[in-house]
Amino acid sequence: MASGASRNFVGVGLLALAVAAVGLVSPAEAAGPYSFYSVSPCRVVDTRWAAGPTGGPALNANASRSFPILGACGIPATAKAVVFNTTIASPTDYGDLRLYPAGTTMPLASVINWVTSDSALANGAIVPVGLSGANHLSVMCDMPAGSTGKVHLILDVTGYFE
Amino acid sequence: MSSPWPCAPAQAAAPPLCPVGQAPQNAFFDTLENPASGNWTSATLSGVNHWDLGAGTPPADIYWSGFATSGVYSFWGYNYDFVGDSAVAMTASVAVPAGARLQFSHAYGFENDPATFYDGGVLEYSTDGGSAWTDAGSLISAGAGYGGVISATYTNPLGGRNAFVGESWGYTASQLNLASLAGQNVRFRFRIGTDDAFDDYGWFVDDVRLYTCAAASSKFYTLGPCRVGDTRNPTGPSGGPALGANTTRTFPVGGLCGVPYTAKAVAINVTVVNESDYGNLRLYAAGGALPGASTINFTASKVRANNAVIPLGTGGEIGVRCDMPPGSTGQTDFLFDVTGYFE
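Here is what the cut-offs are and how they apply
Residues numbered from 1 in each chain as written. Chains lettered and ligands numbered in written order. Predicted model: local features only at pLDDT ≥ 70, side-chain atom pairs only at ≥ 80, totals over all residues. Heavy atoms only, no water. Contact = heavy atoms within 4.5 Å. Buried area = accessible area lost by both parts, 1.4 Å probe. Salt bridge = Lys/Arg side-chain N within 4 Å of Asp/Glu carboxyl O. Polar contact = N/O pair within 3.5 Å; in protein donor to acceptor, adjacent residues only side chain to side chain. Helix = DSSP H or I, 4+ residues; strand = E, 2+ residues; numbered from the N terminus. 1 Å grid on protein atoms, 1.4 Å probe; cavity = no way out; pocket = protein on both sides within 12 Å on 5 of 7 lines; lining within 4 Å. Points joined across faces, edges and corners; volume = space filled by probe spheres on them. Nonpolar A, V, L, I, M, F, W, Y, C, P; charged D, E, K, R; others polar. Domains from an automatic or database assignment. Phe/Tyr/Trp six-rings, centres within 6.5 Å; stacked < 30°, edge-to-face > 60°. Buried < 20%, exposed > 50% of the residue type's maximum accessible area, 1.4 Å probe, protein only. Lys NZ or Arg CZ within 6 Å of the ring centre and 35° of its normal. Disulfide = S-S within 2.5 Å. Core = buried A, V, L, I, M, F, W, Y, C linked by side-chain atoms within 4.5 Å. Pairing = 2+ DSSP bridges. Axes fitted to C-alpha atoms, helices over the stretch in contact; angles between N-to-C directions. pLDDT = per-residue confidence, 0-100.

Draft legend 1. Focus on the interface of chain B and chain A. Across the contact, 26 residues belong to chain B and 24 residues belong to chain A. Summed over both partners, the interface of chain B with chain A buries about 1800 Å², with 52% contributed by carbon and sulfur atoms. For chain B, the biggest contributors to the area lost against chain A are Asn 297, Arg 304 and Val 309 of chain B; these three give 23% of the whole. Where chain B meets chain A, there are one salt bridge. Residues Arg 304 of chain B and Asp 118 of chain A are paired through a salt bridge, measuring 2.9 Å at the closest nitrogen-oxygen approach. Where chain B touches chain A, the interface holds twelve residue pairs in polar contact (both at pLDDT 80 or more). At the level of secondary structure, the elements contributing two or more residues to the side of chain B that touches chain A comprise strand S22 (279–285), strand S23 (296–298) and strand S24 (304–311) of chain B.

Below, the structure is given as structure tokens:
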């Protein structure tokens, strides 16, 4: 009995450590493996377009917005991750964007950083997609605390994983 | 093989079999390399037969060696200086799936002068096992189409019909949208009509494929980082000159840096340098439509880089469009490095 209780105690202790570690790095469940499918390069979101689910208005400072991605540009509803080129345009403050699957917790990880004088800047990234209502991708616009800045977002796709 | 004839002007581009990211699934595909297949037969409708030039005994005499797009054999129907109407036809019908296409490679030179098409060839299909035939020209959706009407003034049995006429200037390809024939059993035939004077090259046909397109997955293969192209290098396919404002250029990728010609897409790092105006680059599969999607944005005189996954065109090439303000006379150097490919 005594030795059994001791083993249990050790086990619980390791579990607690593991939970603490996961809490620190934010949870990231691995999924897959998935295969790659090309699509012709295609613009799926542009906040400079007329207001709408994949169009305007521009992103607001320190707010998150979600976009429908699947079902457009030849990307099927069953895709698990998308190859994006993320472009920002006409920022009125400096900042960064975090792209993450809709319906999941916002991560600390960013995809693109800019300064106000960057009239247009792009970075490529492979981002998993999720589902929240009709939306698949969420974008958080990080700007300085209290900022009233805005930035335009353009998302182009060249492939997906499924 | 498939080299253009001397002094050839631009040919109709061979269309890609399927959209980017999709691959053909064949319902019928004949590279014409087996003269004993029994897949085809020739028929003389009137006058001379144009197609029986090969060495074999009928029906294998319709297979000609020496000017094929794939392998050794193709069909060759000679443009005789005699009246004739003859065809090579499939000997069995194929059930046409939904969303099917037909594509074939061909090269032709039919007797003409600047004002008149005297001889020509047509593509026809039958849905009743080869009794009644219908012209298929209206189904051509990409590649070389019919070029004009065969003169009805002379003795050509096909006079008055729209047809492949004049010169293709070497091998090209035509693609047909078979949506209107879905669910039917269909066979095709290639038919030549000639009048009573003057010969010409005639019609070479190869690689006849009836197919649908389905999404094709690929796997990732890593490569040692390698510079594929750099416009700061001496002028050449992978080198200079710099990209000019609002112009488009293609760069070879397949065959370089370990990327196979069969790769579907490449993982690259794109760099712009020495920009004399602001703008952006659009990278895409060469031969496809110019997309609305960009790959990198830049301002003047600032080195910038971005990573991207870009699909390759049928020749293993990418197209690069340099967008700058309207009327700009600017330019930018462009280099790209590959770190892996998808196949």
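There's more to say after this.
Draft legend 2. Representation of the layout of surface pockets. Residue and element names in this part refer to chain B. In this structure, the largest pocket occupies an estimated 1300 Å³ of space. Lining the largest pocket are 44 residues; nearest its centre among them are Pro 15, Pro 16, Leu 17, Gly 313 and Thr 314. For the lining of the largest pocket, the leading source of residues is strand S1 (residues 22–30), giving four residues. Grouping the constituent residues of the lining of the largest pocket by class yields 24 nonpolar, 16 polar and four charged. The residues that make up the lining of the largest pocket include at least three from each of domain 1 (22–215) and domain 2 (220–342).

Draft legend 3. Molecular detail of the packing of aromatic side chains. All names here are of chain B. Counted according to the given criterion, the structure contains 32 aromatic pairs over all chains. Pairing Tyr 108 with Phe 164 gives two aromatic rings, centres 5.6 Å apart and planes at 45 degrees, and the pair type is tilted. With a gap of 56 residues between them, Tyr 108 in strand S7 (residues 101–109) and Phe 164 in the loop between strand S14 (162–163) and strand S15 (172–177) connect regions that are remote in the sequence. Note on accessibility: Tyr 108 and Phe 164 belong to one class, buried. Taking 4.8 Å as the distance between ring centres and 50 degrees as the angle between the ring planes, the aromatic pair formed by Phe 220 and Phe 342 counts as tilted. In this pair, Phe 220 sits in strand S18 (residues 220–230) while Phe 342 sits in strand S26 (residues 331–342), placing the two residues 122 residues apart along the sequence. Phe 220 gets classed as partly exposed once you look at its relative accessible area, which sits at 42%. In this arrangement the basic side chain of Arg 209 is found over the ring face of Phe 29, its NZ or CZ atom lying 3.8 Å from the centre.

Draft legend 4. Up close: the state of the cysteines. Residues and elements named next belong to chain B. Summed over the entire model, instances satisfying the criterion amount to three disulfides over all chains. Paired by a disulfide, Cys 18 and Cys 213 hold their sulfur atoms 2.0 Å apart. Disulfide Cys 18 to Cys 213: torsion about the S-S bond roughly -85 degrees, handedness left-handed. With a gap of 195 residues between them, Cys 18 in the segment before S1 and Cys 213 in strand S17 (residues 200–215) connect regions that are remote in the sequence. You can call Cys 18 buried: its relative accessible area is 11%. The connectivity of the disulfide-linked cysteines in chain B, indexed sequentially, is 1-2, 3-4.

Draft legend 5. Spatial organisation of the nonpolar core. With 40 residues, the main nonpolar core has Trp 40, Leu 176, Leu 178, Phe 188 and Phe 190 of chain B as its most contacted residues. Within the residue set of this core, elements represented by two or more residues are strand S5 (84–90), S7, strand S10 (120–126), strand S16 (185–194) and S17 of chain B. With residues near it in sequence (within four places) discarded, Leu 178 of chain B still touches Val 96, Ala 100, Arg 101, Leu 102, Leu 139, Phe 188 and Leu 210 of chain B. With 33 residues, the next largest nonpolar core counts Val 45, Phe 67, Cys 73 and Val 127 of chain A among its residues.

Draft legend 6. Inspection of the sheet that holds S23 of chain B at higher detail. Residue and element names in this part refer to chain B. Overall, antiparallel pairing links the four strands, which are arranged S20-S25-S22-S23 in an open sheet. The open sheet is flanked by strand S20 (247–252) and S23, the only strands paired with a single partner. Each strand of the sheet is rotated relative to its neighbour by a mean of 20 degrees, with strand direction disregarded. When S22 meets S23, the two strands line up antiparallel, connected through three bridges. The residue of S23 that forms the bridge with Gly 279 is Phe 298.

Draft legend 7. Just the pairing of S7 of chain B, in detail. Residues and elements named next belong to chain B. Most of S7 sits inside the fold, with eight of its nine residues counted as buried. Bridge analysis of S7 against S15 gives six bridges, and the strand direction is antiparallel. Residue pairing for S15: Leu 102 is matched across the bridge by Leu 176. Bridging between S7 and S17 involves eight bridges; their strand directions are antiparallel. Across the sheet, the residue bridging to Ser 105 is Asp 206, located in S17.

Draft legend 8. Layout of the domain arrangement of chain B. As assigned here, chain B comprises domain 1 (22–215) and domain 2 (220–342). Look at where the C-alpha atoms of domain 1 of chain B and domain 2 of chain B centre, and you get two points 39 Å apart.

Draft legend 9. Local environment of the confidence of the model for chain B. When pLDDT is averaged along chain B, the result is 93; 97% of the residues meet or exceed 70. Here residues 1–6 of chain B is a poorly scored stretch, pLDDT under 50, and it has 19 contacts once near neighbours within four places are set aside; other chains count.

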